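# Coordinates in review
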Amino acid sequence: MDNKKIIIVLAVVVIILAIMTGFLALNSYKEVNEDFVQFPTPNEKVKFSGTYLGPYGGIWNVDQSSGVIQVGNAYAIVNTDKLQGMEGETVTVKGYFVNDKVESSTVQINGKFINGESFCIQEVL
């Protein structure tokens, strides 16, 4: 091959690699810990592990559609659809915190009141 063909092939390979890297970066989830869960950045794609405590009690959760994941001393308020039957287990979830101003909610679970941030689960691993 002459030099022009080699340069064109290399340029195409570089472009393909750049597109793949960009695609992976857009679809990646940042792994976070309890500090982030306690003071999250809204709408940032994150992944964390914690103990699913189950649905919380209260007048606004009669259908038990919302529950709590404990991450260290921090709590995430989640939809229970994807976590049913996993009470007491360690779960890893991907998603994002939904509050624009990130205001915590107080809910009662297992006889105590906790403050947690609302989290939208996109995937349970």
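Preceding this paragraph is the structure being described.
Here, residues in each chain are numbered from 1, in the same order as that chain's written sequence. Totals for whole chains, interfaces and linings use every residue, but because this is a predicted model, local features are given only for residues with pLDDT of at least 70 and side-chain atom pairs only at 80 or more, for both listing and counting. Side-chain numbers here rest on the full set of heavy atoms in the structure, without hydrogens or water.

### Describing the packing of aromatic side chains
- When two rings of Phe, Tyr or Trp (its six-membered ring) have centres within 6.5 Å they constitute a pair, described as stacked for plane angles under 30 degrees, edge-to-face for angles over 60, and tilted for the intermediate range. This model, assessed by the stated rule, comprises four aromatic pairs.
- A ring pair is formed by Phe36 and Phe97, whose centres lie 6.2 Å apart and whose planes are at 55°; its orientation type is tilted. Remark: Phe97 occurs in strand S5 (residues 90-97) and Phe36 occurs in helix H2 (residues 34-38); sequence separation between them is 61 residues. When sorted by exposure, Phe36 lands in the same class as Phe97, which is buried. We count a stretch as a helix when DSSP gives it H or I for four or more residues in a row; a strand needs E for two or more, and each element gets its number in order from the N terminus. Per-residue accessibility, obtained with a 1.4 Å probe over protein chains only, is compared with the maximum for each type, and a residue is labelled buried under 20%, exposed over 50%, and partly exposed between these values.

### Things to note about the nonpolar core
- For this analysis, a nonpolar core means a set of buried residues of the types Ala, Val, Leu, Ile, Met, Phe, Trp, Tyr and Cys, connected via side-chain atoms within 4.5 Å. In this structure, Val37, Phe48, Ile69, Val78, Leu83, Phe97 and Phe119 are the most contacted members of the largest nonpolar core, which totals 18 residues.
- Secondary-structure elements contributing two or more residues to this core are H2, strand S2 (46-55), strand S3 (66-71), strand S4 (74-79), S5 and strand S7 (112-124).
- By the convention used here, residues are in contact when the closest approach between their heavy atoms is within 4.5 Å. Filtering out sequence-adjacent residues up to four positions away, Ile69 remains in contact with Phe48, Gly50, Thr51, Tyr52, Ala74, Tyr75, Ala76, Val78, Leu83, Val91 and Val93.
- Counting residues in each nonpolar core, the second largest holds seven residues, with Tyr75, Ile77, Val107 and Ile114 among its members.

### Section: unusual backbone geometry
- Residue Asn43 is not a glycine yet carries a positive backbone phi of 65°.
- Relative to the helices and strands, Asn43 resides in the loop between H2 and S2.
- Asn43 sits in the partly exposed class, given a relative accessible area of 48%.
- Of note in the backbone geometry, Asn110 takes a positive phi value of approximately 50° without being a glycine.
- With respect to the element layout, Asn110 can be found in the loop between strand S6 (105-109) and S7.

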